[in-house]
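# Notes for the structure review
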Protein chains: 2
Amino acid sequence: MGSSELLKIHPTLFDRVRLAIMAHLSLAKRPVDFKSLLAELELTRGNLSTHMKKLEEDGLVQIDKTFVERKSRTTYCCTSKGRKEIRNYLVAVESALKSSL
Amino acid sequence: MGSSELLKIHPTLFDRVRLAIMAHLSLAKRPVDFKSLLAELELTRGNLSTHMKKLEEDGLVQIDKTFVERKSRTTYCCTSKGRKEIRNYLVAVESALKSSL
DNA sequence: ATATTCTGGTTTGCACTGCAAACCGGTTTG
DNA sequence: CAAACCGGTTTGCAGTGCAAACCAGAATAT
């Protein structure tokens, strides 16, 4: 049955904003910085920050902090676990919904 | 870009349980009753009840209540709007995630 | 020098929401 | 008549997403 597949989806990905973040990061070929993500997704800084923290805690993204020109620079990239969970999400949704076209 | 598609998804569907409910209902060829849904999805009655109420409020399912053998019988079916939003969900997720395989 | 503003985020407070427990009207059983 | 049962609904609480408030350091202004 379809519904059982859906339950295997990583719970943290079952949020439109976080899914959008992960979609963006998984497409990117190099680390994405805070500001870019912010512009792309149109969130507040606080909102983005807490989402990223949660995604890191779950091992779906990796956060790197450096200083560049004396300013802090935080970049994010999708971990292999993140990619795996994104793939899993797509497969689960397709198998659950495809047949009901 | 991919993420903008995701924002068009009906917010009510962005919940794993409700998506599972809708997947089930959209597959069913006849109305599904409370008990069947309950067994299929393994929820508590209260939980299922509130989800169905919300889905009805958003016009994604239709609720019918009748009496059969002196007992109440509530059945649910997917509205055409519900089917449309499910299709939209699938399309949006595919277009956002497919390219990041 | 020091005050003000800007940059790059993080933490806090609140409003909302999913969940299960408690509840409720009616029915069957003891 | 009481007790258990059926088919759900409502309530209370715990968890969470959001923006406002906050914070440290750098640039700019006075």
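We now turn to the structure provided with this report. (Residues numbered from 1 in each chain as written. Chains lettered and ligands numbered in written order. Predicted model: local features only at pLDDT ≥ 70, side-chain atom pairs only at ≥ 80, totals over all residues. Heavy atoms only, no water.)

## Section: the pairing of strand β2 (residues 61-68) of chain A
Residue and element names in this part refer to chain A.
- The pairing of β2 with strand β3 (residues 71-78) spans 8 bridges and is antiparallel. In the strand pairing of β3, Val-61 is matched with Cys-78.
- Two successive antiparallel strands, β2 and β3, enclose a turn made up of 2 residues, where Glu-69 displays a positive phi of approximately 55 degrees. (Pairing = 2+ DSSP bridges. Helix = DSSP H or I, 4+ residues; strand = E, 2+ residues; numbered from the N terminus.)

## Remarks on the state of the cysteines
All names here are of chain B.
- The final tally for this structure, using the stated rule, is 0 disulfides over all chains.
- Not engaged in a disulfide, the cysteine Cys-77 finds its nearest cysteine sulfur in Cys-78; these two sulfurs lie 8.0 Å apart.
- Judged by its relative accessible area of 22%, Cys-77 is partly exposed.
- A residue is classified by how much of its surface remains accessible, and Cys-78, at 8% relative accessible area, is buried. (Disulfide = S-S within 2.5 Å. Buried < 20%, exposed > 50% of the residue type's maximum accessible area, 1.4 Å probe, protein only.)

## Some remarks on helix α4 (residues 45-57) of chain B
All names here are of chain B.
- Helix length check: α4 (13 residues) gives 18 Å between terminal C-alpha atoms against 18 Å at 1.5 Å per residue, within 8%.
- Contact partners of the buried residues in α4: α2 (16-27), α3 (34-41), β2 (61-68) and β3 (71-78).
- Once α4 finishes, Gly-59 follows within two positions and takes phi at roughly 75 degrees, a positive value. (Expected span 1.5 Å × (residues − 1). Contact = heavy atoms within 4.5 Å.)

## Notes on the interface of chain B and chain A
- The interface is formed by 31 residues belonging to chain B together with 31 residues belonging to chain A.
- Both faces considered, chain B and chain A share a buried interface measuring about 2,900 Å² in area, 71% of it formed by carbon and sulfur atoms.
- Taken together, the connections running from chain B to chain A amount to 2 salt bridges.
- Of the charged contacts, one joins A:Glu94 and B:Lys98 as a salt bridge, the two residues approaching to 2.6 Å between their closest N and O atoms.
- At the junction of chain B with chain A, the criterion picks out 7 residue pairs in polar contact (both at pLDDT 80 or more).
- Elements with a minimum of two residues in the side of chain B that touches chain A: α1 (2-6), α2, α3 and α5 (80-97) of chain B.
- In terms of residue count, α5(B) provides more of the side of chain B that touches chain A than any other element does, 8 residues in total.
- The residue makeup of the side of chain B that touches chain A, split by class, is 19 nonpolar, 5 polar and 7 charged. (Buried area = accessible area lost by both parts, 1.4 Å probe. Salt bridge = Lys/Arg side-chain N within 4 Å of Asp/Glu carboxyl O. Polar contact = N/O pair within 3.5 Å; in protein donor to acceptor, adjacent residues only side chain to side chain. Nonpolar A, V, L, I, M, F, W, Y, C, P; charged D, E, K, R; others polar.)

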